[in-house]
Amino acid sequence: MMPLAQCVLRTSDQHHDIADYRSELMPRWCNGCGDNAILTAMQRLCRDEGLQPERTVFVSGIGCSSRLPHYMNAYGFHGTHGRALPIAEGVKISRPDLDVFVSTGDGDCLSIGAAHWLHALRYNVDLTVLLHDNHIYGLTKKQASPTSPRGTKSNTTPKGSILAPLNPLSVSLGVDGASFIAQAVDWIPDLLYEVIRAAYRHKGLSFVRILQRCPEFMPGMFDPWIQDPKRMLLLSHPAGVTVPAALAKVYPNVRAHDPSDRAAARAIADEEDPIPVGILYRDPAAPRYEELRHAGELRTADRIARGLAAELDRFTIWPETA
Ligand SMILES: Cc1ncc(C[n+]2csc(CCOP(=O)(O)OP(=O)(O)O)c2C)c(N)n1
Ligand code: SF4
Ligand SMILES: [Mg+2]
């Protein structure tokens with residue numbers, strides 16, 4: 001039998017290339033699906049930040065977007081519908097040394113997982129959360145989601161959805177404790193990458209809503225903005241993401257926005273046309289649950305062993321002593 005010491009996974013500090021983060025599975029997403037761009041941005045980030053695959057975890061719920069962990073060569077947890085966030089919080093609280101990312105969809109996060117979403121923002125555990133928002137349930141073949149625009153015809157709304165869509169940015173900014181709220185779009189890959197990188201470097205829960213194309217069930221959804229770059233609003237600030245000059249030539253609508261200004265962030269979140277892209281809000285000093293809870297103190301091996309022994313003692317029948 002192999003000695004236990006040899007079974008331990010060895011970590012390495014070696015430099016990794018982008019191929020080191022690709023799993024053996026080819027993505028099964030449709031051609032033109034924005035999830036492909038998000039996957040590429042994630043693999044670039046892992047390479048550039050030198051993340052070790054054996055110390056990196058991707059957690060997801062259920063949906064097309066939630067397939068992302070399968071395509072990363074790292075640890076992954078394809079969870080249950082709507083439950084990606086509590087799973088990821090558990091991983092991070094138990095193993096603060098790991099980098100933990102979450103991929104979730106507009107149905108997964110904002111519908112069945114809505115309660116977890118709000119409380120995850122409030123708890124502010126150090127996670128990077130990517131909301132792949134294609135305004136539809138893609139995996140189950142076109143049901144209206146909380147972000148479907150009014151009038152969307154779908155299997156559940158054959159005459160067009162009648163409710164106003166939910167704005168994930170405004171709602172997130174309304175939660176006390178939320179520390180990082182940003183928006184990106186899959187069709188500006190350089191900015192998508194910069195926003196995800198800023199999110200990763202932030203200590204606390206970073207919530208990035210990514211407007212994501214679903215050509216299969218929402219064809220042409222974002223075409224008016226893709227075809228007219230002036231309809232994009234690029235937020236720029238040294239404390240957030242600065243827009244490179246080359247990008248500003250293509251997207252001339254650039255606004256200086258200090259992400260520490262929550263009131264300004266709320267006003268921007270309400271703007272839907274032009275579409276804002278960048279860091280809306282960031283508070284690096286917001287308390288994190290894992291700090292408040294003193295996880296290390298609670299979970300030392302000695303303390304766990306003493307707790308277990310005390311619990312077993314409760315059921316032990318001791319021999320009678322004279
Ligand atoms: C408890 C439960 N309810 C419903 C489903 C069916 N279901 C699977 S994915 C999904 C919606 C996914 O939509 P979204 O999160 O927007 O992901 P997308 O496929 O668009 O990326 C639903 C309703 C399920 N798997 N489990
Ligand atoms: S159905 Fe939509 S979201 Fe799902 S893989 Fe196809 S294009 Fe992407
Ligand atoms: Mg969706």
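This text goes with the structure placed above it.
Within each chain, residue numbers correspond to sequence positions counted from 1 in written order. Each chain is given a letter, starting from A, and each ligand a number, starting from 1, according to the order in which they appear as written. Owing to the predicted nature of the model, reporting of local features is limited to residues with pLDDT of at least 70; listing and counting of side-chain atom pairs is limited to 80 or more, with chain, interface and lining totals taken over all residues. To get the side-chain values, all heavy atoms of the structure are used, and hydrogens and water are removed first.

Novice: Even after reading the chapter, I still don't get the overall build of the protein, so can you show me in this structure?
Specialist: A run of DSSP states H or I qualifies as a helix once it reaches four residues; a run of E qualifies as a strand once it reaches two. Both are numbered from the N-terminal end. Along the backbone of the protein there are 13 helices and eleven strands. Throughout, the radius of gyration refers to the C-alpha atoms, and the reference size of a globule is 2.2 Å times the residue count to the power 0.38. The C-alpha radius of gyration computed for the protein amounts to 22 Å, which stays within 12% of the reference 20 Å derived for 322 residues, consistent with globular compactness. Seen through its C-alpha atoms, the protein measures out along the principal axes to roughly 90 × 45 × 40 Å. Residues classed as buried in the protein amount to 46% of the 322 residues present. Every residue pair with non-hydrogen atoms within 4.5 Å of one another is taken to be in contact. Pairs at least 24 apart in sequence give 68% of the contacts found in the protein among residues at least 6 apart. In the protein, 34 positive and 36 negative side-chain charges are present, and the distance between their average locations comes to 3 Å. The cut-offs for exposure are 20% and 50% of the maximum accessible area for each residue type, with area from a 1.4 Å probe on protein chains only; residues under the lower value are buried, those over the upper are exposed, and the others partly exposed. Lys and Arg are tallied as positive, Asp and Glu as negative. Neither His nor the chain termini are counted. For charged residues, the charge sits on one atom: NZ in Lys, CZ in Arg, CG in Asp, CD in Glu.

Novice: Sorry if this is basic, but what is going on with the site of ligand 2 here?
Specialist: Looking at ligand 2, the residues that line it are W29, C30, C33, C64, N134, Q212, C214, P215, E216 and F217. For cavity detection a 1 Å grid was placed over the protein atoms alone, and a set of points counts as a cavity when a 1.4 Å probe fits there but cannot get out; an open set counts as a pocket when protein lies on both sides within 12 Å along at least five of seven lines, with lining residues being those that have an atom within 4 Å of a point. Pocket occupancy is defined atom-wise: a molecule lies in a cavity or pocket when more than half of its atoms are within 2 Å of its grid points. Mapping ligand 2 onto the cavity grids shows that it belongs to the second largest pocket. Here the shell around ligand 2 is built from residues that sort into seven nonpolar, two polar and one charged. Here, proximity means that at least one heavy atom of the residue falls within 4 Å of the molecule or strand. Ten residues, namely Ala, Val, Leu, Ile, Met, Phe, Trp, Tyr, Cys and Pro, are considered nonpolar, four, namely Asp, Glu, Lys and Arg, are considered charged, and the remaining ones, Gly among them, are considered polar.

Novice: Mind showing me how you'd approach the sheet that holds strand β4 (residues 128-133) here?
Specialist: Hydrogen bonds between backbone atoms are what pair the strands of a sheet, whose relative direction is either parallel or antiparallel. What the nine strands build is an open sheet, ordered β2-β1-β3-β4-β8-β7-β11-β9-β10; its pairing is mixed. Each edge of the open sheet carries a strand with a single partner, namely β2 (75-78) and β10 (254-256). When the angles between neighbouring strand axes are averaged without regard to direction, this sheet yields 20°. The criterion for strand pairing is that DSSP finds at least two bridges linking the strands in question. Summarising the sheet, strand β9 (residues 232-236) and strand β11 (residues 275-282) pair through three bridges and their orientation is parallel. Of the residues in β11, the one forming a bridge with L233 is P276. Helix α10 (residues 262-269) contacts β9, β10 and β11 of the sheet and is inclined by roughly 155° relative to β11. For helices, the fitted line uses only the C-alpha atoms of the stretch in contact; every axis is such a line through C-alpha atoms, and the angle between N-to-C directions lies from 0 to 180 degrees.

Novice: Can you help me understand the layout of surface pockets in this one?
Specialist: Think of a ball as big as a water molecule: rolled over the atoms, this probe shows where empty space is left. Grid points are joined across faces, edges and corners, and a volume is the space filled by probe spheres set on the points. In this structure, the largest pocket encloses a volume near 350 Å³. Lining the largest pocket are 19 residues, and of these H135, T147, R209, L211 and E272 sit closest to its centre. Secondary-structure elements contributing two or more residues to the lining of the largest pocket are β8 (206-211) and β11. Among the residues making up the lining of the largest pocket, the classes are represented as eleven nonpolar, four polar and four charged. Computed from the structure, the second largest pocket encloses a volume of approximately 270 Å³. What lines the second largest pocket is a set of 17 residues, and nearest its centre among them are R28, W29, C30, C64 and G138. A breakdown of the residues in the lining of the second largest pocket according to their chemical character gives eight nonpolar, three polar and six charged.

Novice: Looking at this model, I keep getting lost on the coordination of the magnesium ion (ligand 3). Mind explaining?
Specialist: In a perfect tetrahedron of four donors around a metal, the angles come out at 109.5 degrees. In a perfect octahedron of six, they are 90 or 180 degrees. Here the magnesium ion (ligand 3) is held by D106 (OD), N134 (OD1) and I136 (O), and the distances to it run 2.1 to 2.2 Å. Sodium, potassium and calcium take a 3.2 Å donor cutoff, other metals 2.8 Å, and in both cases only N, O and S atoms count; water is not among them, so sites may look incomplete. Expressed as a motif, the donor residue spacing for the magnesium ion (ligand 3) is D-x27-N-x1-I. As far as burial versus exposure is concerned, N134 and I136 are alike and both buried.

Novice: So what exactly am I meant to see when it comes to the site of ligand 1 here?
Specialist: Ligand 1 sits among 16 residues. The nearest are C64, S65, D106, G107 and D108. Nitrogen and oxygen atoms within 3.5 Å of one another constitute a polar contact, given that in protein one can donate a hydrogen and the other can accept it, and given that sequence-neighbouring residues count only through two side-chain atoms. Interatomic distance of 3.0 Å between a side-chain N/O atom of N134 and an oxygen atom of ligand 1. At 3.0 Å, a backbone N or O of I136 approaches an oxygen atom of ligand 1. Taken by itself ligand 1 offers 590 Å² of open surface, and the protein chains cover 72% of this. No other element matches helix α4 (residues 106-112), which puts four residues into the shell around ligand 1. Class assignment for the residues of the shell around ligand 1 results in six nonpolar, eight polar and two charged. Surface exposure here means Shrake-Rupley accessible area, sampled with a 1.4 Å probe, where a residue is shielded only by the protein chains that are shown.

Novice: Would you explain empty space enclosed by the protein in this entry?
Specialist: Counted by the stated rule, this structure contains one cavity of 30 Å³ or more. Size it by volume and the largest cavity reaches roughly 30 Å³. The wall of the largest cavity is formed by G82, R83, A84, L85, T104, D108, C109, G113, H116 and W117. Breaking the lining of the largest cavity down by element, the ones donating at least two residues are α3 (84-94), α4 and α5 (114-123).

Novice: Looking at this structure, how should I read a nonpolar patch on the surface?
Specialist: Patch membership is restricted to residues that have no salt bridge and whose relative accessible area is over 30%. Joining uses 9 Å for like charges and 5 Å for the nonpolar side chains Val, Leu, Ile, Met, Phe, Trp and Tyr. Salt bridges are defined by distance alone: a side-chain nitrogen of Lys or Arg within 4 Å of a carboxyl oxygen of Asp or Glu. Together, L118, L166 and V171 make up a nonpolar patch on the protein surface, roughly 180 Å² of accessible area in all. Accessibility expressed as a relative area gives 31% for V171, which makes it partly exposed.

Novice: Would you mind going over the pairing of strand β3 (residues 99-105) with me for this structure?
Specialist: Along a regular strand, successive side chains alternate from one face of the sheet to the other. Across the seven residues of β3, six count as buried, placing the element largely inside the fold. Where strand β1 (residues 56-60) and β3 come together, five bridges link them in parallel fashion. When the sheet's bridge partners are listed, T56 is paired in β3 with D99. When β3 meets β4, the two strands line up parallel, connected through five bridges. Residue pairing for β4: T104 is matched across the bridge by L131.

Purely spatial values, then, with no claim about function.
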